[in-house]
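Architecture at a glance
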Amino acid sequence: MVMDISADKVVTAMNRTDGMFEVQAKAVILAMGCRERSRGALNIPGYRPAGIFSAGTAQRLVNMEGYMPGREVVILGSGDIGLIMARRMTLEGAKVKVVAELMPYSGGLKRNIVQCLDDFGIPLKLSHTVVDIEGKERVEGITIAKVDDKGKPIPGTEEHYTCDTLLLSCGLIPENELSRGIGIDMSPVTSGPLVNESLQTNVEGIFACGNVLHVHDLVDFVSEEAAAAGKNAVKYINDGMKSVETKEVKIVPESGVRYTVPVTVHPEVMNDEMIVRFRVGAVYQNHYVAVYLDGERIQHKKRQIMAPGEMEQVKLDKETLMKYPNLSKITIKLEEE
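What this report covers is the structure whose coordinates are included nearby. None of the values given here were measured: they were computed from a predicted structure.

**Focus: the overall build of the protein chain**
- Summing up its helical and strand segments, the protein chain has 6 helices and 23 strands in all.
- For the C-alpha atoms alone, the extent of the protein chain along its principal axes is close to 65 × 60 × 30 Å.
- Of all 337 residues assigned to the protein chain, the portion counted as buried reaches 46%.
- Put simply, the protein chain shows about 17,000 Å² of open surface, and 49% of that area lies on carbon and sulfur atoms.
- Computed over 39 positive and 46 negative side-chain charges, the separation of the two mean positions in the protein chain equals 2 Å.

Below you can see the structure in the form of C-alpha cells.
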C-alpha cells in the first residue's frame, strides 16, 4: 500500500514482509482507479438500517461471495453498475421494483438500459430521487419523489415502494488523495489530474491514466490509456522532459462539451495521432462535434445522439497541427449545424 508520494517522486509504501519503506522513482504512474459515491455523500434522509448497499458492494456479494443482499430491491441512480445489478438481482430471483435517477437522463450506457432494464420490464424513473427510507433494523420501504430542475423534490409526487434492499449507483469518484498531496493540478469537473498529450501531470515525471484521471464507460479505454502512460513514462526516463521546451497549446471545451482529456498538447513532441476524449453535459440529438484551431474549423462530424453516460472522442494528427506554427488554442464544441 502506498502511503505517500512526494513531489520529487519518493514513494512511501508498506507491505507485510518489509514494513514501511521508501522508493526513489524516476517516473510515477498514478492508476488508483475510482470509488463509489457513498450514502454519506448523497444526503438521503431517514434512519441507517441494514439493507443499504452500494451497487459495487452488492455486485461483489452476489458474484464472488454467493450472498444475496435482499429479495425486494430499489435502485437509486442509473450508473452502469446499478443497471447491471438490476439485471443480476433479477436473474438471481429478486424483484427489482424501480430504478430512480436524479438527473433527466441516465448516467449509464444506452445498451445497459435496454439489456438490463427494458428487457426485464424494470421501470426507470428519471428526475426522481429517494426522499425517505423506512425501517430501523432493516430497510422496510422507501419513498421516491419527482424533482424540479434544481433537483429539489416536488411535494405531492411521492411514490412508496416496499423493499428490503436499497442499492446506490450514484456515480464514481476518482481516487486522488495521493495526487492532491503531491500538489498536482486537478480538474473541478472530473476530480482527476489535468494532463498533457503524454498523460503527464503538471509535476514532472508523474503520469496518470484510467479512472483516476476521469471515470470511463468502457474498460478498453482504461487499458489503452494505461499502455500509453507506460510508454510515455519509459520515454520520459530515457529522454527527459522535452515538452517543457516546446510550445504548449490549450484544448478548450465549449458549447456542451464539459471537459477534455488531455487539456494541453505540445504538437512538436506528440505522436502522429492523438485521441482527445470528452463528455457532453446533456443529451444532444443531431448535433455536430466541431474542432477549431484558433478560429479555423478543421473537423465537423454529425452525431445522431450524444449523452453524458457515453464518452466521445476526436482525433488530432500532428501533421495538421504543425501547419499552424502560431496556434494558441484548440477548441472542441457542439454545433447544431
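**A word on empty space enclosed by the protein**
- Scanning the entire structure with this criterion turns up 1 cavity of 30 Å³ or more.
- Considering the residues around the largest cavity, the lining is formed by Ser187, Thr190, Gly192, Pro193, Leu194, Leu213, Tyr259, Thr260, Val261 and Val263.
- By residue class, the composition of the lining of the largest cavity is 6 nonpolar, 4 polar and no charged.

**Section: the pairing of strand β20 (residues 284-293)**
- Sheet topology places β20 next to strand β21 (residues 296-306); 9 bridges connect them, and they run antiparallel. In the strand pairing of β21, Tyr292 is matched with Arg297.
- The antiparallel pairing of β20 with β21 creates a hairpin that spans 2 residues between the two strands, and Asp294 there sits at a positive phi of about 55°.
- Sheet topology places β20 next to strand β23 (residues 329-335); 6 bridges connect them, and they run antiparallel. The residue of β23 that forms the bridge with Tyr292 is Thr331.

**So, the side chain of Asn196**
- Inspection of the secondary structure assignment puts Asn196 in the loop between α4 (177-182) and β15 (206-208).
- Within the structure, Asn196 has its side chain in polar contact with the backbone nitrogen of Ser198 (distance 2.8 Å).

**Describing the pairing of strand β7 (residues 72-76)**
- Counting buried residues along β7, 4 of its 5 residues qualify, which places the element largely inside the surrounding structure.
- The pairing of β7 with strand β8 (residues 95-101) spans 5 bridges and is classified as parallel. Paired with Leu76 across the bridge in β8 is Ala100.
- Where the polypeptide runs from β7 across helix α2 (residues 80-91) and back to β8, its parallel neighbour, the crossover connection is right-handed.
- Of the pairings in the sheet, the one linking β7 to strand β13 (residues 165-168) comprises 4 bridges and is parallel in character. Across the sheet, residue Ile75 finds its bridge partner in β13, namely Leu167.

**A closer look at the pattern of salt bridges**
- This model, assessed by the stated rule, comprises 12 salt bridges.
- For Glu254, the salt bridge goes to Lys333, with nearest N and O atoms at 3.7 Å. Separated by 79 residues along the polypeptide, Glu254 in strand β16 (residues 249-254) and Lys333 in strand β23 bring together distant segments of the chain.
- Assessed through its relative accessible area of 19%, Lys333 is described here as buried.
- The partner of Arg297 in a salt bridge is Glu335, and the shortest N-O contact between them spans 2.9 Å.

Analysis parameters
- Residues numbered from 1 in each chain as written.
- Predicted model: local features only at pLDDT ≥ 70, side-chain atom pairs only at ≥ 80, totals over all residues.
- Heavy atoms only, no water.
- Helix = DSSP H or I, 4+ residues; strand = E, 2+ residues; numbered from the N terminus.
- Buried < 20%, exposed > 50% of the residue type's maximum accessible area, 1.4 Å probe, protein only.
- Areas by Shrake-Rupley, 256 points an atom, 1.4 Å probe, with all protein chains shown as cover.
- Lys, Arg positive; Asp, Glu negative; His and termini not counted.
- Charge placed at Lys NZ, Arg CZ, Asp CG, Glu CD.
- 1 Å grid on protein atoms, 1.4 Å probe; cavity = no way out; pocket = protein on both sides within 12 Å on 5 of 7 lines; lining within 4 Å.
- Points joined across faces, edges and corners; volume = space filled by probe spheres on them.
- Nonpolar A, V, L, I, M, F, W, Y, C, P; charged D, E, K, R; others polar.
- Pairing = 2+ DSSP bridges.
- Polar contact = N/O pair within 3.5 Å; in protein donor to acceptor, adjacent residues only side chain to side chain.
- Right-handed = clockwise from strand over helix to strand, strands pointing away.
- Salt bridge = Lys/Arg side-chain N within 4 Å of Asp/Glu carboxyl O.

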